[in-house]
Amino acid sequence: MRRFVTPRPPREEECGLCGVRLADGPHRHLADTDRRSLVCACGPCAQLMDRPDTTSGGRFRAVPDRCLTDPDHRVDDTVWEALRIPVSVAFLFHNSALGRPVVLYPSPAGATESEPEEHTWQSVVDATPLAGDLRPDVEALLLRRHEGRTECFLVPIDLCYELVGRMRLHWRGFDGGAEARSDLDALFAGVRERARASEQAGVREQSHVSEQARASEQARATPGSRP
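Residues numbered from 1 in each chain as written. Predicted model: local features only at pLDDT ≥ 70, side-chain atom pairs only at ≥ 80, totals over all residues. Heavy atoms only, no water.

This part is about helix α6 (residues 157–170). Between its first and last C-alpha atoms α6 spans 20 Å; for 14 residues at 1.5 Å apiece the expected length is 20 Å, and the two agree. Looking only at α6, the buried set comprises I157, D158, L159, C160, L163, V164, M167 and H170. (Helix = DSSP H or I, 4+ residues; strand = E, 2+ residues; numbered from the N terminus. Expected span 1.5 Å × (residues − 1). Buried < 20%, exposed > 50% of the residue type's maximum accessible area, 1.4 Å probe, protein only.)

Okay, here's the thing in structure tokens:
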């Protein structure tokens, strides 16, 4: 009887490749292109799947952590209606197993998937350069219509499935309910912060490269300097 009334200890998470126990806290994920799912990964295995020779083929692909935003996108009402998304948030990515892009959006039952027509996907690509920059299976274009405007982000695919799980957990009634909307607001606040941090890091990196280039030019221009 005790085994029926005693709460089970939480299941320890393991690396989907080597089986090592993962430490508590955030960890990397891999996209399993055969099963169309995500698996947890330890640091060494994630780095192994990050190698250039594993990004264009193979069953497992490391999910990157970059998060970008396009405030100048042109994903308007016409594009949104062509995608046939009945809710206010959706994500799109290229599924290499199917050989085509797919559109998914959260629902009480989980992620609902649809296949955009070729001209519809092209309208998305024309509306934002982020769509053409997506890495197959591991990155997604995340869209949200909110307060009269549409937000557009390039995000890791695991973040999108986190969104689906949180919406399924908190969804109430026909439109999701106040708790689901509050959770969605919090998630997108985090996405915006990550995108700002990535942009600032990119600016710093570009500034560093520019300073190195100027220093090199000055060294070449200095009489007697070595080439």
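Back to the text.
On to the nonpolar core, then. Counting 26 residues, the largest nonpolar core has F91, L142, V155, L163, F188 and V191 as its most contacted members. Elements supplying a minimum of two residues to this core: β5 (89–95), β6 (100–107), β8 (139–146), β9 (149–156), α6 and α7 (177–221). Setting aside residues up to four positions removed in sequence, F188 forms contacts with V89, L142, R144, E151, F153 and L163. (Core = buried A, V, L, I, M, F, W, Y, C linked by side-chain atoms within 4.5 Å. Contact = heavy atoms within 4.5 Å.)

As a further point, take the pairing of strand β1 (residues 28–32). The buried fraction of β1 is high, at four of five residues. Bridging between β1 and strand β2 (residues 37–41) involves five bridges; their strand directions are antiparallel. The residue bridging R28 from the neighbouring strand is A41, located in β2. The hairpin formed by β1 and β2 contains four residues between the paired strands, and R36 there has a positive phi angle of roughly 55°. When β1 meets strand β3 (residues 60–62), the two strands line up antiparallel, connected through three bridges. Considered in β3, the bridge of D32 is made with F60. (Pairing = 2+ DSSP bridges.)

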